[in-house]
Structures are given as structure tokens and as C-alpha cells.
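Take a look at the letters that make up each chain.
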Protein chains: 2
Amino acid sequence: MIIDIHGHYTTAPGELQAFRDAQLAGLTDPSAPAPTLADISDEQLRDSVERNQLAVLRERGGDVMLFSPKASGMEHHVGDRAVAAAWARASNDLCHRLGELFPEHFVPVAQLPQTPDGELDGVIAELRRTVGLGFVGANVNPDPSGTWAGLPITDASWFPLWEVVEELDVPAMIHVSTACNSNFHTLGAHYLNADTSVFAQLLQGDLFQRFPRLRLVIPHGGGAVPYHWGRYRGLAMRNGWQDPAELLGNVFFDTCVYHQAGVDLLTRVIPPENILFASEMLGAVRGADPDTGIAWDDTLRYVDAAVRDAEALAAIHESNARRVYPALDRRLAAQGR
Amino acid sequence: MIIDIHGHYTTAPGELQAFRDAQLAGLTDPSAPAPTLADISDEQLRDSVERNQLAVLRERGGDVMLFSPKASGMEHHVGDRAVAAAWARASNDLCHRLGELFPEHFVPVAQLPQTPDGELDGVIAELRRTVGLGFVGANVNPDPSGTWAGLPITDASWFPLWEVVEELDVPAMIHVSTACNSNFHTLGAHYLNADTSVFAQLLQGDLFQRFPRLRLVIPHGGGAVPYHWGRYRGLAMRNGWQDPAELLGNVFFDTCVYHQAGVDLLTRVIPPENILFASEMLGAVRGADPDTGIAWDDTLRYVDAAVRDAEALAAIHESNARRVYPALDRRLAAQGR
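Residues numbered from 1 in each chain as written. Chains lettered and ligands numbered in written order. Predicted model: local features only at pLDDT ≥ 70, side-chain atom pairs only at ≥ 80, totals over all residues. Heavy atoms only, no water.

**Some points on the pairing of strand S8 (residues 251-254) of chain B**
Residues and elements named next belong to chain B. Neither face of S8 is exposed, since Val251 and Phe253 on one face and Phe252 and Asp254 on the opposite face are all buried. In terms of strand pairing, strand S7 (residues 216-218) meets S8 through three bridges, oriented parallel. Bridging across to S8, valine 217 finds its partner in phenylalanine 252. Handedness of the β-α-β unit built from S7, helix H9 (residues 229-239) and S8 comes out right-handed. As judged from the two bridges shared by S8 and strand S9 (residues 275-276), these two strands associate in the parallel manner. Along S9, the bridge assignment pairs aspartate 254 with leucine 276. Handedness of the β-α-β unit built from S8, helix H10 (residues 260-269) and S9 comes out right-handed. (Buried < 20%, exposed > 50% of the residue type's maximum accessible area, 1.4 Å probe, protein only. Helix = DSSP H or I, 4+ residues; strand = E, 2+ residues; numbered from the N terminus. Pairing = 2+ DSSP bridges. Right-handed = clockwise from strand over helix to strand, strands pointing away.)

Shown next as C-alpha cells:
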């Protein structure tokens with residue numbers, strides 16, 4: 001079985017964006033009533049993925065995709081707690097419905113209603129609600145301000161969230177949203193910078209001594225981390241930090257690296273048990289390499305070409321995901337898979 | 001000949017830091033007189049490198065090192081224009097003297113007195129002064145605020161600097177200094193993030209259409225860029241940007257990547273004519289890999305193991321540097337090299 005652990009609902013019906021637009025309009029007009037999401041039929045939901053993510057998943061031989069709301073659309077920097085809560089709930093509920101409509105293919109992962117003030121009560125409530133609904137993980141934005149105005153994820157202010165993530169036994173994917181600084185292109189710099197920065201935060205901190213069962217997935221192949229693995233080992237030695245390898249009991253990397261050489265490096269540097277297959281399709285990078293005709297985000301090709309050991313490949317395709325996301329494993333097992 | 005294009009004077013005599021400390025103390029006491037740098041003898045300067053960078057350079061078979069003031073010490077976020085100007089001048093003058101004391105080994109590269117306000121008159125003046133002294137390049141900080149409060153290097157506010165860099169026919173290495181945000185470890189995240197972010201800025205902009213002879217060196221193996229080369233190609237196609245390969249007439253990457261797998265990726269993805277040998281020793285990462293006994297920053301080993309084509313290897317070792325840094329080539333030629 002091929003499990004893609006990183007997909008976003010980037011093709012939602014226009015009603016969702018209309019709801020968001022009404023939310024944003026309400027920010028400047030406090031007298032406006034809180035908007036409600038227009039009805040979206042099951043047929044609309046089916047249509048929105050059948051010719052998109054589901055078609056591509058099937059075409060490439062994939063079976064299951066973990067599916068969360070669009071990352072750049074989370075926009076945790078906008079609005080207040082109530083706006084964030086309503087936006088996360090509306091977005092998550094659509095992913096939940098897709099998981100019900102296509103139980104064999106889509107498995108929901110939550111957006112959390114984070115806010116720049118770092119308040120966590122509503123975040124934890126939505127995490128509990130969605131996990132109760134069957135969501136198997138959540139995306140946690142290490143920079144809800146969009147300007148890195150907050151504190152590292154190893155700071156004590158984050159601990160209440162990590163306690164609940166650990167308690168619920170779901171992993172968190174560390175995933176930023178839109179950058180609010182013109183120096184950082186959201187998809188071309190901010191995403192990768194966040195992956196890199198968080199890994200360095202973890203190296204310096206003691207998060208996994210405090211939360212030994214916490215599991216974090218760093219997307220986009222870990223940003224710059226595997227490419228600079230020697231740098232991290234050397235920095236750790238020089239600074240008396242833990243060795244990067246010591247993080248690998250709790251940190252996992254996805255395979256969203258869009259060329260063969262990159263995936264070759266990833267699979268050479270990071271042990272196979274820490275790599276989870278993912279494509280983030282249809283995401284930041286769409287279309288095909290004109291030189292080869294291969295879609296940039298067809299990462300299964302790169303992974304299958306890079307990993308020759310059948311056991312390692314099976315781990316990356318399936319068993320690592322089932323281990324890191326136990327609720328996913330239970331869901332698949334209940335389906336007899 | 002082996003030319004290392006990325007070295008910093010990280011082992012300066014204590015007098016330099018004492019001068020800096022006096023500068024910083026003066027910031028809170030405006031009545032204090034501007035400090036002066038205590039005399040530093042030629043013997044002190046020789047001592048400061050002979051057992052350090054020079055010994056390591058020789059031991060590893062290197063010949064020439066481009067040598068600039070310590071990057072994390074540039075601290076462009078601190079003080080005002082006068083403080084920045086005096087600090088850059090003092091730091092540069094020591095590198096100049098080292099270039100005079102060891103003309104066959106050290107070639108100076110300038111620190112510029114940038115300030116968070118982005119003012120460029122003093123920056124350009126110091127660039128002209130140092131190039132007049134024989135400096136062959138300069139480090140340009142794309143984030144003088146340390147908090148990314150400024151504008152991308154493709155913004156028009158930077159053009160006066162790029163005009164002069166182009167006119168003087170020296171390349172600029174894009175190198176940040178200390179991060180002023182606890183989310184970004186200076187050496188473990190900020191440096192790599194800056195490399196990545198600037199490349200994405202260049203992809204979106206038209207800097208080299210405006211300044212076709214401008215040459216920029218992105219250090220640390222280009223941050224996350226070569227590892228995500230497919231991502232950049234795909235993003236460029238989708239967004240109608242120029243292809244990353246089109247930047248390669250003006251953008252060069254150094255080899256400061258501290259493990260074999262990383263250098264293998266770099267040399268596989270980036271054409272050899274765009275790769276400049278460098279180690280940044282003695283810099284961020286010191287010491288040796290306990291598994292192999294090889295120093296992390298002994299990048300010559302990795303490069304020599306990665307590149308089997310003799311012509312490509314010679315380009316990376318020497319001729320690319322002489323082409324990208326014409327003033328270096330003239331200096332070496334005058335020495336009969």
C-alpha cells in the first residue's frame with residue numbers, strides 16, 4: 001500500500017473561499033454578523049477531488065492520502081480567536097466529509113485555530129474535537145504570526161499543546177502558512193526556512209526529553225536539513241547539543257522534494273524508518289519537468305528509484321506512516337487493510 | 001592551485017573585540033569619546049593565523065584564502081552609521097594587513113558598514129575604499145536589521161549598491177550576520193535561510209536584467225536551494241518566473257557543505273562552472289566527525305571525491321574563482337601565478 005502523508009485540500013469549492021472572504025470583510029466591520037458557510041453538497045465535494053487529487057493518486061498507484069486544509073490558506077496571522085476557530089472548523093469539516101465520502105482514500109488531518117498571541121485553549125479544543133472525529137494528525141504552525149514574532153516551539157508556552165498532542169497519540173506536522181514578510185516567498189523560502197529553523201530549535205532544546213512520545217513530521221524533505229546534515233552534526237558537537245541522530249526517535253521527514261537528486265540525498269542521509277512518503281499534490285509545484293515529462297510532485301518515482309531495498313521501500317511507502325500515525329493504522333485495520 | 005573563496009577572520013586579536021566593546025558601551029553613553037583600536041603588531045596578526053587558518057589551509061593542500069571579517073560579528077543591526085563605518089573600517093584594515101603580510105595566502109574581502117535603515121552612501125564609500133586597497137570582493141548582508149525588517153535585495157532601494165558593485169567588477173557574497181530572532185539560530189538556521197530566501201528573491205526579480213554583469217556568490221552551498229532545485233524549477237514554471245538555470249550567469253554557489261552526501265548533491269545539480277571551492281574554516285563548524293576522523297569543514301575532500309572530471313575539478317578549485325573575482329586573478333597573475 002502507498003500512503004501519501006502530505007496532501008492539502010487545495011481544490012475546495014468556491015463556497016469555502018466565499019466564507020473566508022466574508023470573515024475577512026467582517027474584520028473591518030464589527031457590526032457584520034458572523035458569516036456562515038454556504039451548503040456544499042456531497043457531489044460538489046466529490047467533484048472537487050475526483051478529477052484532481054484522487055485522479056492523480058490513482059494514476060500514480062497511490063492508495064491513501066492524508067488530507068488537511070490548504071496550508072497557505074490557514075492564515076493564522078489574520079483575525080482573532082473566534083475567526084480562527086470558525087475558519088479551522090469549517091475547513092476541517094470539509095476534510096472530514098471527504099474522509100467519509102472516500103474512506104479508503106482520504107484520511108483527515110486538522111488545521112488548528114492558532115493565533116499570533118499563542119493562545120492555546122481553542123487550539124487544543126479543535127485538536128480534541130477533530131481527533132474525536134477520526135482525524136489522525138494535525139498541522140502545527142511554528143509561526144502563527146507569519147513574521148516569526150512568536151517563540152520557538154521548544155519554549156514552555158507551547159508545552160500545553162505538546163502535552164495534548166502526546167496524550168492523543170497523533171503526530172504533528174510542522175507546517176507554516178503564508179509569509180507576511182516580502183523577503184520570504186511563501187512557497188519558495190518561508191516553507192523551507194521554517195522546516196530548517198524548527199529542526200535547529202529542536203537540536204538546541206529538550207522537547208523530547210519532556211515529551212518522549214511526541215512525534216513531529218518535518219515536511220518538504222526537512223527544508224535544508226538533510227543537505228546540511230554534517231553541519232548539524234558539527235554544530236551539535238561544538239555546542240554541546242544532542243546529536244541530530246538523537247532526534248530521530250521523534251522526528252520524521254516527508255519526501256516532498258521535487259527532483260531525483262534531492263530524494264537520493266534524503267534517502268542516503270536519513271534512515272529509512274524516519275522517511276514518510278508524501279507528494280503534497282496538488283500543492284505548491286504543479287506541472288511536469290519539460291525535460292523528462294515527469295510531474296515535479298510525482299515523488300513516488302523518485303523514491304522508488306532511490307531506494308533499492310524492498311523492506312526500506314515498504315517502510316517508506318506504508319509501515320512508517322502506520323507506526324507514526326497510529327489512528328491511521330487503526331482506521332486501515334478496521335477496513336481490513 | 002586551490003583557492004578557498006570563503007574564510008573569515010574569526011581569530012582576531014582581543015584588541016579588535018575590545019574596540020567593539022567600547023563602541024557598544026558608547027551607544028548607551030553618548031558623551032563617551034569614539035574609541036580607537038589599540039595598536040596590533042604584525043607579529044600579533046601573524047600569530048593569529050599561523051596556527052589557525054594558515055596552518056589548516058597548508059595542511060589540507062590549499063593555497064589561497066579569500067579572507068573577510070567575521071560574519072556573525074558584522075552586527076549591522078547595532079549602532080548607527082558612524083559606528084558601522086568605524087567597525088567596518090577597523091575590521092577591514094586588519095584583513096588588508098593580513099593580505100600584505102601573507103600576500104600569497106590571504107586576499108581580503110570587505111565587510112560593509114550597512115545599517116538597518118538601508119542607507120548606502122557609507123556602504124559605497126567603504127566598498128570603493130577597500131577595492132582601491134586591493135580587496136577583491138565584499139560581503140553584502142541581505143538583512144542588516146537581523147530581523148528581516150528591510151526589503152528584498154531586488155528592491156530598487158538596493159540598486160545604488162549594485163550599480164557600484166557592477167562598476168567595480170567585484171562579486172558580492174550574500175552573507176547575513178547574527179540573527180536577532182530567537183526562532184533562528186544564527187549558524188544553524190539564519191545563514192541557510194538567508195541563502196534560500198535570497199535565491200527565491202532573485203528568481204522572482206529582474207536584478208540581472210538590470211545589472212547584467214553583477215555577480216553574486218551564495219554561500220553554504222546555496223542554503224536549501226540545490227536540494228530543492230526541482231521545486232524551484234517547478235515554481236518558476238508555474239509562476240512565470242525565469243528558470244533557475246537562467247540565474248547561473250550571475251549566481252555562484254560555494255562548497256561550504258559539511259558532509260560528502262551534501263557536496264555530492266551540490267556537484268550533481270549545479271554545473272561545475274557555478275561552483276566555487278570554499279570551506280569557511282575556521283568558522284561555524286569546527287572539529288572532526290568522530291566516525292571518520294575527517295574535519296567537518298575539510299570540504300576539499302568532499303569536492304575531490306565528488307568530482308571525477310579533472311577539468312571540472314580544476315574549475316571548482318581555481319579557475320572559476322579567478323573568473324568570478326577578476327581582481328583576484330590580477331593579483332595572482334602579478335605574483336606570476
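There's plenty left to go through after this.
**With respect to the sheet that holds strand S2 (residues 64-69) of chain A**
Residues and elements named next belong to chain A. In space, the three strands of this open sheet follow the order S1-S2-S3, with parallel pairing throughout. Every interior strand has two partners, whereas the edge strands, strand S1 (3-9) and strand S3 (106-108), have only one. Each strand of the sheet is rotated relative to its neighbour by a mean of 35°, with strand direction disregarded. In this sheet, S3 lies alongside S2 in parallel orientation, the contact comprising three bridges. Each bridged residue has a counterpart across the sheet, and for leucine 66 the counterpart in S3 is valine 107. (Axes fitted to C-alpha atoms, helices over the stretch in contact; angles between N-to-C directions.)

**So, the state of the cysteines**
Formally, a disulfide is one covalent bond, and it connects the sulfur atom of one cysteine to the sulfur atom of another. All names here are of chain A. Overall, the coordinates contain zero disulfides over all chains when judged by the stated rule. The thiol of cysteine 256 is not disulfide-bonded; the next cysteine sulfur, from cysteine 95, is found 16 Å away. With relative accessibility at 0%, the residue cysteine 256 sits in the buried group. (Disulfide = S-S within 2.5 Å.)

**Digging into the interface of chain B and chain A**
Each side of the interface is counted separately: chain B has 59 residues, and chain A has 59 residues. A combined buried area of about 4900 Å² lies between chain B and chain A, and 55% of that area is made up of carbon and sulfur atoms. Of all residues in chain B, Asn183, Tyr227 and Arg231 of chain B give up the largest surface area on contact with chain A, accounting jointly for 18% of the area buried on that side. Across the chain B-chain A interface, the total number found is six salt bridges. Here aspartate 289 of chain B and arginine 233 of chain A are joined by a salt bridge, their closest N and O atoms 3.0 Å apart. The interface formed by chain B and chain A holds 34 residue pairs in polar contact (both at pLDDT 80 or more) in total. For the side of chain B that touches chain A, the secondary structure elements donating two or more residues are helix H7 (186-204), H9 and H10 of chain B. Tallying contributions element by element places H7 of chain B first for the side of chain B that touches chain A, with 11 residues. (Contact = heavy atoms within 4.5 Å. Buried area = accessible area lost by both parts, 1.4 Å probe. Salt bridge = Lys/Arg side-chain N within 4 Å of Asp/Glu carboxyl O. Polar contact = N/O pair within 3.5 Å; in protein donor to acceptor, adjacent residues only side chain to side chain.)

**A closer look at the nonpolar core**
Among the nonpolar cores identified, the biggest contains 190 residues, and Trp162 of chain A together with Trp162 of chain B are the most heavily contacted of them. Non-local contacts of tryptophan 162 of chain A, meaning those with residues more than four positions away in its chain, are made with Val140, Ile153, Ala172, Ile174, Leu207, Phe211, Leu214 and Leu216 of chain A. Among the nonpolar cores identified, the runner-up in size contains 21 residues, and Trp87, Leu94, Cys95 and Leu98 of chain B belong to it. (Core = buried A, V, L, I, M, F, W, Y, C linked by side-chain atoms within 4.5 Å.)

**Quick look at the relation of the copies chain B and chain A**
With an RMSD of 0.0 Å, chain B superimposes on chain A once it is rotated by 180° and translated 0.0 Å along the axis. These values place the two chain copies in the arrangement generated by a two-fold rotation axis. In terms of C-alpha distance to the rotation axis, chain B has alanine 224 of chain B as its closest residue, with the C-alpha 2.1 Å off the axis. The share of interface residues of chain B whose copies in chain A are also at the interface is 100%, consistent with both copies meeting through the same surface. (Least-squares fit on C-alpha atoms with pLDDT ≥ 70 in both.)

**Digging into the pairing of S2 of chain A**
All names here are of chain A. For S2, a buried count of six out of six residues is recorded, marking the element as mostly surrounded by other parts of the structure. Bridge count between S1 and S2: five bridges; the pairing is parallel. Within the sheet, the bridge partner assigned to aspartate 4 lies in S2 and is methionine 65. Crossover handedness for the path S2 to helix H4 (residues 81-101) to S3: right-handed.

**Some details on H7 of chain B**
Helix length check: H7 of chain B (19 residues) gives 25 Å between terminal C-alpha atoms against 27 Å at 1.5 Å per residue, within 8%. Most of H7 of chain B is tucked away: 18 of the 19 residues are buried. (Expected span 1.5 Å × (residues − 1).)

**A word on the packing of aromatic side chains**
Inspection of every chain in the model, using the stated rule, returns 20 aromatic pairs over all chains. Taken together, a centroid distance of 5.5 Å and an interplanar angle of 45° make the contact between tyrosine 9 of chain A and phenylalanine 67 of chain A tilted. Placement of the pair is tyrosine 9 of chain A in strand S1 and phenylalanine 67 of chain A in strand S2, with a sequence separation of 58 residues. Note on tyrosine 9 of chain A: relative accessible area 4%, which makes it buried. When its relative accessible area of 0% is taken as the criterion, phenylalanine 67 of chain A is described as buried. Taken together, a centroid distance of 5.1 Å and an interplanar angle of 65° make the contact between tryptophan 148 of chain A and phenylalanine 184 of chain B edge-to-face. Of the two residues, tryptophan 148 of chain A sits in the loop between strand S5 (138-140) and helix H6 (159-168) while phenylalanine 184 of chain B sits in the loop between strand S6 (172-174) and H7, which places them in two different chains. Residue tryptophan 148 of chain A shares its accessibility class with phenylalanine 184 of chain B, and that shared class is buried. (Phe/Tyr/Trp six-rings, centres within 6.5 Å; stacked < 30°, edge-to-face > 60°.)

**Observations concerning the sheet that holds S7 of chain B**
All names here are of chain B. Strand order in the open sheet formed by six strands is S4-S5-S6-S7-S8-S9, and the pairing between neighbours is parallel. Bordering the open sheet on either side are strand S4 (110-111) and S9, each of which pairs with just one other strand. Of the strand pairs in this sheet, S6 and S7 are connected by two bridges, and their pairing is parallel. Among the inter-strand pairings, methionine 173 is bridged to a residue of S7, identified as valine 217.

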